[in-house]
Every structure is written in C-alpha cells, then in structure tokens.
Amino acid sequence: THRPARFTDLRTLGRSQRVTNIEIKARCPDLDRTRDTARRLGAREAAVLIQTDVYFRVARGRLKLRMFDSGPGELIYYERPDDQGLRRSDYFISPVEDPVRERAVLEGALGVRVIVCKRRELWLLDGIRIHLDEVDDLGRFIEFEVLVREGEGESEEERRRVADTLCAEFGVAR
C-alpha cells in the first residue's frame, strides 16, 4: 500500500518563485505497456496518489485545490496554453493544512469550475515526473512534466528536446 507522497521541494519553490515545466498529457490505452516502458527507461514508481482536484473560476490562468485521500493538500495556480501537445506551464504551489476548510472558502468566493477525481501513479526518471492517471469518467492518461531549471544552465529548448524524446519512447503523439 502506497501513502500519498509529499513534495516538499516543489512546495518550497512554490512559496517564493514561479516553477516552469514542459508538459504533455495524452490518452493512455495500455497502462501495463506504459509501465514496462517506464521501467525499461529506468524510471521508478514513487507513489500512488488518490487525488481530487477542485478547479475554481478565475479570470486568468487556472487555480485548483489538490486534495489527497488524507492529510494536507496543495493550492496550485498555473498558466499554460490550451494547445494540445508539448506546452510550457508556469505554476506556483502552496501547501494547505486544512484542504476541506480551504475548499469551502474558495468555493464561496470564486465558485467551482470542475472537480476531477483520479488515481495517479507517480513515476520519476532523472527529475522528470511521469504520471499514469485513471480519471473518473474520462479514462486513462499519461503526462510528462519536465522541469525547466534555467538557474542551473538548462534552457527551455533543451528540456523540450527531453520531452520530445520521452514522447517518442512512449509512443505519445506530439
């Protein structure tokens, strides 16, 4: 049995600065084959998470409260294009000690746009997050999040090439 993972490194970054990913989400018809590919590439399964993402109505970007099956949650604000394929996502994450109370406050102030419930397998590969999601009423998805670490000499274009390679390895259309 896996317990929800906590990502203190992302939370710390989210308190003080914007974080940037290159990401892609796509349907995943065969989770077993996808897991085999992840293992072949050297990824390790880090956690299985039961998540509820409550998206609120905001004028710009997206604001969601991520609630886990127990414990603290995360408030995540992000901006990204609605395009399909590889895209840049800029985001901030803030820890939320009492997500039930926070949800009530945000629901009252902003209104809810949509609620997404999922079971997520988190795989890690050289700092890249690979998500294998089973989303209620929507199906199975794969997502890559390739962190752009500009302060460490990595350009966005270099990270896009890494994401392109992952798409090719997993058979994900870009």
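Residues numbered from 1 in each chain as written. Predicted model: local features only at pLDDT ≥ 70, side-chain atom pairs only at ≥ 80, totals over all residues. Heavy atoms only, no water.

Undergrad: For this particular structure, what's the right way to read the pairing of strand β3 (residues 62-68)?
TA: Along any regular strand the residues' side chains alternate between the sheet's two faces. Burial analysis of β3 places 7 of its 7 residues in the buried class, which makes it a mostly covered element. Of the two faces of β3, the one carrying Arg 62, Lys 64, Arg 66 and Phe 68 and the one carrying Leu 63, Leu 65 and Met 67 are both buried. Two strands pair when backbone bridges link them, and strand β2 (residues 44-56) and β3 are joined in this way by 6 bridges, in the antiparallel orientation. Its bridge partner being in β3, Thr 52 is matched across the sheet by Met 67. Here β2 hands over to β3 after 5 residues, with Gly 61 in that stretch at a positive phi of 65 degrees. (Buried < 20%, exposed > 50% of the residue type's maximum accessible area, 1.4 Å probe, protein only. Helix = DSSP H or I, 4+ residues; strand = E, 2+ residues; numbered from the N terminus. Pairing = 2+ DSSP bridges.)

Undergrad: How should the layout of surface pockets be read in this particular structure?
TA: Regions of empty space are outlined by a rolling probe, equal in size to a water molecule, passed over the atoms. Of the voids in this model, the largest pocket is the one considered here, and its volume is about 800 Å³. Lining the largest pocket are 40 residues; nearest its centre among them are Lys 25, Tyr 55, Arg 80, Lys 118 and Glu 143. By residue number, the principal contributor to the lining of the largest pocket is strand β1 (residues 19-27), which donates 6 residues. Across the lining of the largest pocket, the residue classes break down as 16 nonpolar, 6 polar and 18 charged. (1 Å grid on protein atoms, 1.4 Å probe; cavity = no way out; pocket = protein on both sides within 12 Å on 5 of 7 lines; lining within 4 Å. Points joined across faces, edges and corners; volume = space filled by probe spheres on them. Nonpolar A, V, L, I, M, F, W, Y, C, P; charged D, E, K, R; others polar.)

Undergrad: Could you clarify how one ought to interpret the packing of aromatic side chains in this entry?
TA: Aromatic ring pairs are described here by two measures, namely the spacing of the ring centres and the angle between the planes. Using the criterion set out here, one finds 1 aromatic pair in the structure. Judged by centre distance (5.1 Å) and plane angle (50 degrees), the rings of Phe 144 and Phe 170 are tilted. With Phe 144 in strand β8 (residues 139-147) and Phe 170 in helix α4 (residues 156-170), the pair connects residues that are 26 residues apart, well separated along the chain. Accessibility expressed as a relative area gives 8% for Phe 170, which makes it buried. (Phe/Tyr/Trp six-rings, centres within 6.5 Å; stacked < 30°, edge-to-face > 60°.)

Undergrad: Any chance you could explain the sheet that holds β1 here in plain terms?
TA: Strand pairing in a sheet relies on backbone hydrogen bonds. The paired strands run either parallel or antiparallel. Strands sit in the order β1-β5-β4-β3-β2-β6-β7-β8 around a closed barrel of 8 strands; the barrel is antiparallel. In this sheet, neighbouring strand axes are inclined to one another by 35 degrees on average, regardless of whether the strands run parallel or antiparallel. The pairing of strand β7 (residues 128-135) with β8 spans 8 bridges and is classified as antiparallel. The residue bridging His 131 from the neighbouring strand is Glu 143, located in β8. On top of the sheet, α4 reaches β1, β5 (87-96), β6 (112-125), β7 and β8; it is set at about 150 degrees to β8, its chief contact. (Axes fitted to C-alpha atoms, helices over the stretch in contact; angles between N-to-C directions. Contact = heavy atoms within 4.5 Å.)

Undergrad: Please clarify how the pattern of salt bridges should be interpreted in this entry.
TA: In a structure, side chains of opposite charge can pair up when their charged atoms sit close to one another. Within the structure shown, the criterion is met by 23 salt bridges. Arg 80 is the salt-bridge partner of Glu 23, the closest N and O atoms lying 3.0 Å from each other. Remark: Arg 80 occurs in the loop between β4 (73-79) and β5 and Glu 23 occurs in strand β1; sequence separation between them is 57 residues. Accessibility classification places Glu 23 together with Arg 80 in one group, the buried group. Between Arg 40 and Glu 169 there is a salt bridge, and its shortest N-O distance comes to 3.1 Å. Residue Arg 40 is found in helix α2 (residues 31-40), and its partner Glu 169 is found in helix α4; the two are separated by 129 residues along the sequence. By relative accessible area, Arg 40 is classed as exposed at 55%. One network of salt bridges, with partners in common, ties together Arg 18, Arg 88, Asp 90, Glu 156, Glu 157 and Arg 160. (Salt bridge = Lys/Arg side-chain N within 4 Å of Asp/Glu carboxyl O.)

Undergrad: Is there a simple way to explain the confidence of the model for the protein chain in this structure?
TA: Low-pLDDT stretches of the model should not have their predicted coordinates read in fine detail. Across the protein chain, the average pLDDT comes to 90, with 91% of residues at 70 or higher. Low confidence marks residues 1-16, where pLDDT is under 50. Its contacts with residues over four positions away, or in another chain, come to 32 contacts. (pLDDT = per-residue confidence, 0-100.)

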